[in-house]
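Analysis of the macromolecular model
Below, each chain spelled out in residue letters.
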Amino acid sequence: DGATWTERGTQAVPMSRRVLAGFVVTADDPAGSLAQAVFSNLGVEGGVDPDGLPVPWRSAQVGPGQGGEEAIFNGSAFSITGAGDVWGDADDFHWAYQAIEGNVSIRARLTRIAAPYDWSKAGLMVRESLARGSAHAFLVATPTRGTHLQTRDSTQAMMASHALTDDDPAVWLRLDRIGHVFTAYVSDDGQTWTPHGSFPVSMGPGVLVGLASTATDLDGAGVVSIGTFADVTVEPITGGRQPPPIAAFDTPAPFQLRGVYPNPFNPTTTVAFQVDESGFYAVEVFNLLGQRVYSDRFREESSTTREVRVDLSGHASGTYIVRVLHEATGYSVREKVVLLK
């Protein structure tokens, strides 16, 4: 009668956590005859991913992680706990996501950032794959460094960061993908949206869309950051809507990298750049695990040419990433270098 059920047997069958459930008919006729079955009063109970997220959401750790990363849905909001960072040419972060074909818009109300560092991040991401070096666009809010759109325009390319706002974290975030153009929006109420720039990132039609959090733990201290998102919507963009014009960096770049020389080097090299805007600058060096192995922070008051001598004595031969950062705007430039002993 569909109300009283009798169990007829149990069989253990190894499967992955994500399975497919449905209705099947076969003819069992080598001659090719067809069979037909009619099902009514259909029901598939559950609706929760094995990770505890509502279908079609799932969670994943991209990169090695450190343990303790997770994605939780409490019935109204997602909380994403992540360590590591999304930066350089290989990422280490945790997120909740779903697979989407074609043009898409994701929006959410950011209700909380529990973050250990100024550059800890919580935000919306559209990503080509789960590979560490995947192309992506990442609209991030930070505790004190404003809102940024960070992009990797091709697989294993170095990332770029585009400063959008320099005030408190935006309450509402929205990221649209139309073709290869990604547009970042912010809002105070989730109704009126202000575009803050469009940037190109080449991806195939099928992408992953979701919510991410990173601690930006550059010193390997083992800390995590928690981003909480409510009123999350993911919906296709239809009707032939066109993206806004692609924008360059919103304001003139605060500095110009002149070069890193010599390269390869042993064990010292010089980072030279033209300062065009006053403020605090940082010259940092990271290994390919994303760990910071050198940092020099200083303030410039006027236009000048700055040369910073980097000494990597005590570090192994290999490839490193030099980053020059203007802290007020978040604008940064990266260069690969090789320590050759």
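Below: a short report on this structure. (Residues numbered from 1 in each chain as written. Predicted model: local features only at pLDDT ≥ 70, side-chain atom pairs only at ≥ 80, totals over all residues. Heavy atoms only, no water.)

Our focus in this paragraph is the sheet that holds strand S20 (residues 318-326). Read from one edge to the other, the open sheet built from 4 strands follows the order S18-S17-S20-S21, with strand pairing classed as antiparallel. The outermost strands of the open sheet, each flanked by one partner alone, are strand S18 (292-300) and strand S21 (332-339). Pairwise comparison of adjacent strand axes, ignoring direction, gives a mean angle of 15 degrees for this sheet. Note that strand S17 (residues 279-286) and S20 share 6 bridges and pair antiparallel. In the sheet register, Ala 282 faces S20, and the bridge partner there is Leu 325. (Pairing = 2+ DSSP bridges. Helix = DSSP H or I, 4+ residues; strand = E, 2+ residues; numbered from the N terminus. Axes fitted to C-alpha atoms, helices over the stretch in contact; angles between N-to-C directions.)

This paragraph deals with the pairing of strand S8 (residues 147-152). Counted residue by residue, S8 has 6 buried out of 6 residues, so it is predominantly covered. Side chains Thr 147, Leu 149 and Thr 151 project from S8 onto one buried face, and the interleaved His 148, Gln 150 and Arg 152 project onto a second face that is buried too. Bridge analysis of strand S7 (residues 136-141) against S8 gives 6 bridges, and the strand direction is antiparallel. The partner of His 136 across the bridge, within S8, is Arg 152. Linkage of S7 to S8, two consecutive antiparallel strands, is achieved through a turn of 5 residues, within which Gly 146 is found at a positive phi near 80 degrees. (Buried < 20%, exposed > 50% of the residue type's maximum accessible area, 1.4 Å probe, protein only.)

In this section: the environment of Ser 120. When you line up the elements, Ser 120 lands in the loop between strand S5 (104-114) and strand S6 (121-127). Ser 120 gets classed as buried once you look at its relative accessible area, which sits at 0%. On a C-alpha basis, the gap between Ser 120 and Gly 52 in space is 25 Å, while along the polypeptide they are 68 residues apart. The contacts of Ser 120, once residues within four sequence positions are left out, are Ala 115, Ala 141, Thr 142, Pro 143, Thr 214, Ala 215, Thr 216 and Ser 225. One polar contact links the side chain of Ser 120 to the main-chain carbonyl oxygen of Ala 215, over a distance of 2.7 Å. (Contact = heavy atoms within 4.5 Å. Polar contact = N/O pair within 3.5 Å; in protein donor to acceptor, adjacent residues only side chain to side chain.)

In spatial order, the strands read S1-S4-S13-S6-S7-S8-S9; together these 7 strands make up an open sheet with antiparallel pairing. Of all the strands in the sheet, just strand S1 (58-62) and strand S9 (160-165) have a single pairing partner and so form its edges. Strand-to-strand twist in this sheet, taken as the mean axis angle between neighbours without regard to direction, amounts to 25 degrees. Of the pairings in the sheet, the one linking S6 to S7 comprises 6 bridges and is antiparallel in character. Of the residues in S7, the one forming a bridge with Ala 122 is Ala 141.

Let us now look at the packing of aromatic side chains. Going through the model one piece at a time under the given rule, you end up with 11 aromatic pairs. Centroid distance Phe 273 to Phe 298: 6.3 Å. Interplanar angle 25 degrees. Geometry classified as stacked. Here Phe 273, found in strand S16 (residues 268-275), pairs with Phe 298, found in strand S18; they are 25 residues apart in sequence, far enough to count as distant. Ring geometry for Tyr 281 against Phe 298: centres 6.4 Å apart, planes inclined by 15 degrees, an arrangement best described as stacked. You can see Tyr 281 sitting in strand S17 and its partner Phe 298 sitting in strand S18, a full 17 residues away along the chain. For Phe 298, a relative accessible area of 8% translates into the label buried. Directly above the aromatic system of Phe 280 lies the positively charged group of Arg 297, at a separation of 4.1 Å from the ring centroid. (Phe/Tyr/Trp six-rings, centres within 6.5 Å; stacked < 30°, edge-to-face > 60°. Lys NZ or Arg CZ within 6 Å of the ring centre and 35° of its normal.)

The subject of this paragraph is a nonpolar patch on the surface. A contiguous nonpolar patch, built from Phe 23, Phe 39, Leu 42 and Val 44 and spanning about 420 Å² of accessible area, is present on the exposed surface. In this structure, Phe 23 sits in the segment before S1. By relative accessible area, which is 46% here, Phe 23 ends up partly exposed. (Patch = residues over 30% accessible without salt bridge, like charges linked within 9 Å, V, L, I, M, F, W, Y side chains within 5 Å. Areas by Shrake-Rupley, 256 points an atom, 1.4 Å probe, with all protein chains shown as cover. Salt bridge = Lys/Arg side-chain N within 4 Å of Asp/Glu carboxyl O.)

Attention shifts here to the side chain of Thr 142. Examined against the element boundaries, Thr 142 turns out to sit in the loop between S7 and S8. A distance of 2.8 Å separates a polar atom in the side chain of Thr 142 from the backbone oxygen of Gly 146.

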